[in-house]
Amino acid sequence: MPVPWFLLSLALGRSPIVLSLERLVGPQDATHCSPGLSCHLWDSDILCLPGDIVPAPGPVLAPTHLQTELVLRCRKETYCDLCVRVAVHLAVHGHWEEPEDEEKFGGAADSGVEEPRNASLQAQVVLSFQAYPTARCVLLEVQVPAALVQFGQSVGSVVYDCFEAALGSEVRIWSYTQPRYKKELNLTQQLPDCRGLEVRNSIPSCWALPWLNVSADGDNVHLVLNVSEEQHFGLSLYWNQVQGPPKPRWHKNLTGPQIITLNHTDLVPCLCIQVWPLEPDSVRTNICPFREDPRAHQNLWRAARLRLLTLQSWLLDAPCSLPAEAALCWQAPGGDPCQPLVPPLSWENVTVDKVLEFPLLKVHPNLCVQVNSWEKLQLQECLWADSLGPLKDDVLLLETRGPQDNRSLCALEPSGCTSLPSKASTRAARLGEYLLQDLQSGQCLQLWDDDLGALWACPMDKYIHKRWALLWLACLLFAAALSLILLLKKDHAKGWLRLLKQDVRSGVSGSTRWAGGRPRGARPVPAHLFPPHLFSPAAAARGRAALLLYSADDSGFERLVGALASALCQLPLRVAVDLWSRREMSAQGPVAWFHAQRRQTLQEGGVVVLLFSPGAVALCSEWLQEGVSAPGAHGPHDAFRASLSCVLPDFLQGRAPGRYVGACFDRLLHPDSVPALFRTVPVFSLPSQLPDFLGALQQPRAPRPGRLQERAEQVSRALQPALDSYFHPPGTPAPGRGLGPGAGDGT
């Protein structure tokens, strides 16, 4: 059962504060004002033309404050719409200008001024509303009696009922006078949706709204829409952007009920959900429920990337806006932490998808960008490493400039900034004089410069090369001294080589004694039963693993298989064959031994080679029930018979291509004689198709064609004596080719 993560009990998201709204009856707009004021609403809307600000001719009324309230306009008891009530608070603005010289105007002037000062004030107040997809302007006429006119004081308010808007929409309101004496007032009102309304049962647009539960089940997030089976609705997921339009991520028209599964890695703080019934003029409800989710914030930083635009400009690419600041740092090779270059540089505020530039004169592959959020490192990338190459073993010099043309230099190292010159034991301190000489001679690259300092990148390659040259010289001197000692003691050296040769022979004898599991004094074991790395350590170099399976038709064919396996070991291949593992196979049993070898080979990306012979074809046909039975019984070490129980399922289930390869010898068997099931993988005829065979074995790191041909000739030369021994010249009886008892027992 899904574990509850967060529950959207009413609709999308956590329920806001439930509002209890006043009801207005009737469809007509109305206005009323404070006691003492008179007001009137024009019958029709007007054009929304604010005009320019003009100087007040004297005291005028001007809006000082807007106040909104949500109400319900109901045509019936259970048929209401959401409406915005606006109260405009007014005050007296401006004053009467006093005449500079009363005598100049005389008594007529006095009587002309006194009359308007005792008159009432009138104003035409405009209210402008915008809420997608509608916009309108209404005109309110207000009159204030002379007794209430006090300069700079509030005279009351006028209330407008009301502007209808859709649930969940954003309403922008402006207010100004006509003509306009002051800058207009503005206010933005976010309307609630059905979740926050106590009277949502009275609003028809809330009746068909799909309800949604969100829960988590492990790494998945389930959006469960509880709607009736016949209801159709739209569901959209999008990234809400602080700047710019939303970025849609997923949209689909569905029929309820539905369960939409999101992976937790898809969650980011700005991931929002929009749901609406598929009906004309339906309400679209939006919610962003992952804003505070810790996993969403972690996913946001995992998805954030720094993108280089030019050599000196870059931007932060992320699904959502995030608070961040960035600075340059110096990354030295060797895995040490990147050292921020603050100071002398400073942290810069970062805006998502906004191009930023650092004041660099030149760029360097060791310069990286660090992005912090709330003083925590979130992102670091060396933007210039791709275009300028890998990190260089350069040292960064920080130049600090003071008054009176004073300057100081220090070298940035993991332990800090080492002053130059210095007697410290760091690398930069030991090479301090040389670095200062390089700086003066212009061998260092200036990365940044201003009045307070500069940054220089000085190469260290030549000093490292000098150290390596001394080391090589010491090695050459040691090798020369060792050669001289050996020449002086030539006789002793010959004796040492003889002893080494005897030790090697005794070791091979011991290996021969145990290779076939026989006690001391038994008859010698044929050489083809030894793993070739006992004789050639170079051939044991690690390469691709190859498991060689064959049917032990007779002892001559076993020698031929041993020669092929030994020749393949001279290449970068690690060959496993039961000839070299008789002791382990006897202890484990053929089936267990083959199963372990096959699993190890395939896990290491190796290949299983099926070497077909007449006996192998007969065994395969018997397993495939084609009516052909293999004559006789096979020895206890016949791994091919044991392997068929594991090999056949891979072929029958189509898992063999790329993991198996077939082969046969030219004069012994034609590839067309191989059962059709096994010809779903390449079957090569040897030695005529040796280059293709070796190419298939050494994939995916196949050598160049010329190199592959050389290896094929090498294997052919190693294999030819065994082929000549097995296939006698015409007229000579061929060795036993039967499949009788003991034919595969080479021990």
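First, a word on what this report is: a plain description of the structure on this page. Given the structure is predicted, the values throughout are model-derived calculations rather than measurements.

## A short note on the overall build of the protein
Turning to step 1, where the next piece is worked out: Across its full length, the protein holds 15 helices and 35 strands.
Turning to step 2, where the next piece is worked out: Expressed as a percentage of the 747 residues in the protein, the buried residues total 43%.
Turning to step 3, where the next piece is worked out: Restricting the contact set of the protein to residue pairs at least 6 apart, pairs at least 24 apart contribute 66%.
Turning to step 4, where the next piece is worked out: For the protein, the accessible surface area stands at approximately 40,600 Å², while carbon and sulfur atoms represent 54% of it.

## Some points on the side chain of Gln370
Turning to step 1, where the next piece is worked out: Position of Gln370 relative to the elements: it lies in strand 24 (residues 367–373).
Turning to step 2, where the next piece is worked out: Its relative accessible area of 6% is what places Gln370 among the buried residues.
Turning to step 3, where the next piece is worked out: Separated by 3.4 Å, the side chain of Gln370 and the backbone oxygen of Cys338 make a polar contact.
Turning to step 4, where the next piece is worked out: Here Gln380 takes part through its side chain, which lies 3.1 Å from a polar atom of the side chain of Gln370.

## What to know about empty space enclosed by the protein
Turning to step 1, where the next piece is worked out: Applying the stated rule across the entire model yields 3 cavities of 30 Å³ or more.
Turning to step 2, where the next piece is worked out: Of all the elements, strand 9 (residues 170–177) adds the most residues to the lining of the second largest cavity, at 3 residues.
Turning to step 3, where the next piece is worked out: Looking at the lining of the second largest cavity residue by residue, the class counts come to 5 nonpolar, 2 polar and 4 charged.

## Describing the sheet that holds strand 6 (residues 121–131)
Turning to step 1, where the next piece is worked out: Across the sheet, which stays open at both edges, the 5 strands sit in the order 3-7-6-9-10 with antiparallel pairing between neighbours. Of all the strands in the sheet, the pair left with one neighbour each is strand 3 (38–41) and strand 10 (185–190). Pairwise comparison of adjacent strand axes, ignoring direction, gives a mean angle of 20° for this sheet.
Turning to step 2, where the next piece is worked out: As judged from the 11 bridges shared by strand 6 and strand 7 (residues 134–144), these two strands associate in the antiparallel manner. Its bridge partner lying in strand 7, Leu127 is registered against Val138.

## Side note on the sheet that holds strand 35 (residues 683–686)
Turning to step 1, where the next piece is worked out: The 5 strands lie next to each other as 32-31-33-34-35, forming an open sheet whose pairing is parallel. Taken across any chain shown, the strands that pair with only one partner, and hence form the sheet edges, are strand 32 (573–576) and strand 35. Neighbour-to-neighbour, the strand axes of this sheet turn through a mean angle of 30°, independent of strand direction.
Turning to step 2, where the next piece is worked out: Of the strand pairs in this sheet, strand 33 (residues 607–611) and strand 34 (residues 660–665) are connected by 4 bridges, and their pairing is parallel. Its bridge partner lying in strand 34, Val609 is registered against Val661.

## Section: the state of the cysteines
Turning to step 1, where the next piece is worked out: For the structure on display, the rule yields 9 disulfides.
Turning to step 2, where the next piece is worked out: Residue pairing for Cys48: its cysteine sulfur links by disulfide to Cys137, the two sulfurs lying 1.8 Å apart. Disulfide Cys48-Cys137: the torsion about the S-S bond is 125°, which places it as right-handed. Separated by 89 residues along the polypeptide, Cys48 in the loop between strand 3 and strand 4 (60–76) and Cys137 in strand 7 bring together distant segments of the chain.
Turning to step 3, where the next piece is worked out: A sulfur-sulfur distance of 2.0 Å marks the disulfide that ties Cys410 to Cys417. As the torsion about the S-S bond is roughly 75°, the Cys410-Cys417 disulfide counts as right-handed.
Turning to step 4, where the next piece is worked out: In this structure Cys417 comes out as partly exposed when scored by relative accessible area, which is 37%.

## Concerning the packing of aromatic side chains
Turning to step 1, where the next piece is worked out: A full pass over the atoms with the stated rule returns 11 aromatic pairs.
Turning to step 2, where the next piece is worked out: Ring-pair connections join several aromatic residues into one group, and the members of that group are Tyr550, Phe557, Phe665, Tyr726 and Phe727.

## Thoughts on the environment of Lys354
Turning to step 1, where the next piece is worked out: Residue placement: Lys354 occurs in the loop between strand 22 (348–350) and strand 23 (356–357).
Turning to step 2, where the next piece is worked out: A relative accessible area of 48% places Lys354 in the partly exposed class.
Turning to step 3, where the next piece is worked out: For the pair formed by Lys354 and Asp317, sequence separation is 37 residues and the distance between their alpha carbons is 8.6 Å.
Turning to step 4, where the next piece is worked out: Discounting chain neighbours no more than four positions away, the residues touching Lys354 are Trp314 and Leu315.

## Some details on a nonpolar patch on the surface
Turning to step 1, where the next piece is worked out: Taken together, the side chains of Phe478, Leu482 and Leu486 define a hydrophobic patch exposed on the protein surface, amounting to about 330 Å² of accessible area.
Turning to step 2, where the next piece is worked out: The exposure class assigned to Leu486 is partly exposed, which follows from its relative accessible area of 48%.

## Quick look at the environment of Gln380
Turning to step 1, where the next piece is worked out: Mapped onto the elements of the fold, Gln380 is located in strand 25 (residues 376–381).
Turning to step 2, where the next piece is worked out: Taking the C-alpha atoms as reference points, Gln380 and Arg305, separated by 75 residues in sequence, lie 9.2 Å from one another.
Turning to step 3, where the next piece is worked out: Residue contacts for Gln380: discarding those within four places in its chain leaves Cys329, Gln331, Cys338, Val369 and Gln370.
Turning to step 4, where the next piece is worked out: Polar side-chain contacts of Gln380 include one of 3.4 Å to the side chain of Gln331.

## Remarks on the pattern of salt bridges
Turning to step 1, where the next piece is worked out: According to the stated counting rule, one finds 19 salt bridges in the structure shown.
Turning to step 2, where the next piece is worked out: Here Arg172 and Glu170 are joined by a salt bridge, their closest N and O atoms 3.6 Å apart.
Turning to step 3, where the next piece is worked out: We classify Arg172 as partly exposed; its relative accessible area is 41%.
Turning to step 4, where the next piece is worked out: A salt bridge links Glu558 to Arg582, with the shortest nitrogen-to-oxygen separation between them at 2.9 Å. Within this pair, whereas Glu558 is found in helix 9 (residues 555–569), its partner Arg582 is found in helix 10 (residues 582–588), the two being separated by 24 residues in sequence. Grouping residues by exposure puts Glu558 and Arg582 together as buried.
Turning to step 5, where the next piece is worked out: By sharing partners, the salt bridges in this structure join Asp29, Asp45, Arg73, Arg75, Asp81, Arg136 and Glu164 into a single network.

Definitions and limits used
- Residues numbered from 1 in each chain as written.
- Predicted model: local features only at pLDDT ≥ 70, side-chain atom pairs only at ≥ 80, totals over all residues.
- Heavy atoms only, no water.
- Helix = DSSP H or I, 4+ residues; strand = E, 2+ residues; numbered from the N terminus.
- Buried < 20%, exposed > 50% of the residue type's maximum accessible area, 1.4 Å probe, protein only.
- Contact = heavy atoms within 4.5 Å.
- Areas by Shrake-Rupley, 256 points an atom, 1.4 Å probe, with all protein chains shown as cover.
- Polar contact = N/O pair within 3.5 Å; in protein donor to acceptor, adjacent residues only side chain to side chain.
- 1 Å grid on protein atoms, 1.4 Å probe; cavity = no way out; pocket = protein on both sides within 12 Å on 5 of 7 lines; lining within 4 Å.
- Points joined across faces, edges and corners; volume = space filled by probe spheres on them.
- Nonpolar A, V, L, I, M, F, W, Y, C, P; charged D, E, K, R; others polar.
- Pairing = 2+ DSSP bridges.
- Axes fitted to C-alpha atoms, helices over the stretch in contact; angles between N-to-C directions.
- Disulfide = S-S within 2.5 Å.
- Phe/Tyr/Trp six-rings, centres within 6.5 Å; stacked < 30°, edge-to-face > 60°.
- Patch = residues over 30% accessible without salt bridge, like charges linked within 9 Å, V, L, I, M, F, W, Y side chains within 5 Å.
- Salt bridge = Lys/Arg side-chain N within 4 Å of Asp/Glu carboxyl O.

It is worth stressing that arrangement in space is one thing and function is another; only the former is reported here.
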